[in-house]
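Notes for the structure review
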Amino acid sequence: MDPLEQARQEIDAVDAELAALFERRMKAVLAVARYKKEHGLPIYDPAREARVLEKAAAQIQDPALRPYYLDHLRNRMELAKQYEAFAMGRNRAAYQGVEGAFAHIALRTLFPHAEAVSYPTWDEVFDAVSRADAAWGVVPFENSHAGDVSAVLDLCYNHPELWVVDVCDLPVRQNLLALPGVQLGELKSVYSHQQAISQSDTFLKRLHLPATAMPNTALAAKFVADSGDRTKGAIASAETARLYGLEVLVPDINTDGDNTTRFIVLSREKPTVGNRFSLLFTVDNKPGKLAEVIQKIGESGFNMESIKSRPMPRVPFEYYFYVELVGDPARDESEALLRELDRVCRTVRILGVYTK
């Protein structure tokens, strides 16, 4: 027998065994889910996952295969958590907009097996997670070209009961969409989300195309498709064009060719494991107070990858601050830093813990 065919037959045989073992494993996962639901336990158990990974690493004899097996096991555990969420009725994930919006694409990337639930506004996504109508919320947080989504950051500040538990960096390719057969010269107006308009400003200015902001890119595409107006165009993804029967008139109209939007995942369950964590804090409006916070972070050995300031709600000319730090919040150094910041800040809280 040909060596390649022999190897493939061996893989097929192993896969058949793995399929049976997968079903057996997921039956056990279902039993775990039922127990957790009955006793009100969270789906995610970081201590248990850490023990499983440590034990699994010791079971692989070939050191070259060990990291691949651990990745394989992490994927199995992620699928198990999604199945547990389904079995416990906690598999709803909320997003703002309609199918085809970039938030919907990010949600499907993060939670391919979840029930995606649409809400008209970001506020309603936050409220849905807060009320436990959804286990997770997926919202845009920052764009590499247009900057942060300030309204979402403000909602994070105003919802201390929610945590950021994951992030997804989604490459965003903005395209000019139109009805089938439309020529570029026929367009007189363009519709999209304000972020997409900002990301495509150079292209729009060159063609002298006025742009109107809409709640999201998919709604803009739907509006153009429903209008039947050949003079109207939309800025959205190629996936959105297919959903609403539009054509990509001009691809990749981003001003920044490496255009990426970061989406965050909201949850009521407190995260504990990650290589990044973010903080929200306020300080007294006195000389040197903000500098003291930054100095404490630097002295503790943490790299501060981001810092932002936003006006505090209902407090004129007062500000709160957001920082993202590289490091494990479970380390002793992290706990020491938080104690120091609690001493020098007016308020401080962990917003999220995640890996990226």
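Figured I'd write up the structure that's included with this text. Computed from a prediction, not measured in an experiment: that's the story for all the values here.

The subject of this paragraph is the pattern of salt bridges. Scanning all chains against the criterion turns up 21 salt bridges. Across the pair Lys222 and Asp226 runs a salt bridge whose closest N-O atoms are separated by 2.9 Å. Here Asp226 and Lys222 lie together in helix α9 (residues 217-227), a separation of 4 residues that amounts to about one turn. A relative accessible area of 56% means that Asp226 is categorised as exposed. Measuring nitrogen to oxygen at the nearest pair gives 3.9 Å for the salt bridge that ties Glu318 to Arg346. Taken as a pair, Glu318 in the loop between β13 (303-311) and β14 (319-326) and Arg346 in the loop between α12 (332-344) and β15 (347-354) lie far apart in primary sequence, 28 residues in all. Given the relative accessible area of 41%, Arg346 is considered partly exposed.

Further remarks concern the nonpolar core. The nonpolar side chains of a soluble globular protein tend to be buried with one another. Counting residues in each nonpolar core, the largest one holds 27 residues, and the members touching the most others are Phe126, Val139, Val152, Ile264 and Tyr322. Elements with a minimum of two residues in this core: β2 (115-119), α5 (122-130), β3 (136-143), α6 (150-158), β5 (163-171), β11 (260-267), β14 and β15. In terms of residue count, the dominant contributor to this core is α5 (5 residues). Ignoring anything within four residues of it in the chain, the contact list for Ile264 reads Gly137, Val138, Val139, Phe141, Val152, Cys156, Val164, Asp166 and Val167.

Our focus in this paragraph is the packing of α5 against α6. Relative to each other, α5 and α6 sit at 30 degrees, their axes nearing to 10 Å. Accordingly, the angle class assigned to the pair α5 and α6 is roughly parallel. For the pair α5 and α6, the crossing hand works out as right-handed. Contacts between α5 and α6 involve Trp122, Asp123 and Phe126 from the first element and Ala151, Val152, Leu155 and Cys156 from the second. Considering only residue class, the contact of α5 with α6 consists of 6 nonpolar, no polar and 1 charged.

Right, let's talk about the environment of Val117 for a bit. The residue Val117 is located in strand β2 in this model. Judged by its relative accessible area of 12%, Val117 is buried. The spatial distance from the C-alpha of Val117 to the C-alpha of Asp229 is 30 Å, given a sequence separation of 112 residues. Dropping the residues within four chain positions of it, Val117 is found in contact with Arg92, Ala93, Ala94 and Tyr95.

What counts, and where the lines are drawn
Within every chain, residues take consecutive numbers counted from 1 along the sequence as written. Note on the predicted model: pLDDT of at least 70 is required for a residue's local features to be given, and 80 or more for side-chain atom pairs to be given and counted; whole-chain, interface and lining totals, by contrast, use all residues. Derived side-chain values reflect all non-hydrogen atoms in the structure, with water molecules and hydrogen atoms excluded from consideration. The salt bridge definition used is simple: a Lys or Arg side-chain nitrogen within 4 Å of an Asp or Glu carboxyl oxygen. The way it works is that DSSP assigns letters per residue, a run of H or I at least four long becomes a helix, a run of E at least two long becomes a strand, and they are numbered from the N terminus. Relative accessibility thresholds used throughout: buried, under 20% of the residue-type maximum; exposed, over 50%; partly exposed, between the two (1.4 Å probe, protein chains only). Among buried residues, the Ala, Val, Leu, Ile, Met, Phe, Trp, Tyr and Cys ones that are joined through side-chain atoms within 4.5 Å form a nonpolar core. The contact rule is simple, with two residues in contact once any of their heavy atoms fall within 4.5 Å. Whenever a helix is involved, its axis is fitted only over the stretch in contact; in every case the axis is a line through C-alpha atoms, and angles between N-to-C directions fall within 0 to 180 degrees. Here roughly perpendicular refers to angles of 65 to 115 degrees, roughly parallel to angles under 35, roughly antiparallel to angles over 145, and oblique to all remaining angles. Each crossing is labelled by how the near helix is turned from the far one, with a counterclockwise turn of less than a right angle marking it left-handed and a clockwise turn marking it right-handed. Three classes are used: nonpolar for Ala, Val, Leu, Ile, Met, Phe, Trp, Tyr, Cys and Pro, charged for Asp, Glu, Lys and Arg, and polar for all others, with Gly counted as polar.

What is shown is where atoms sit, not what they do.
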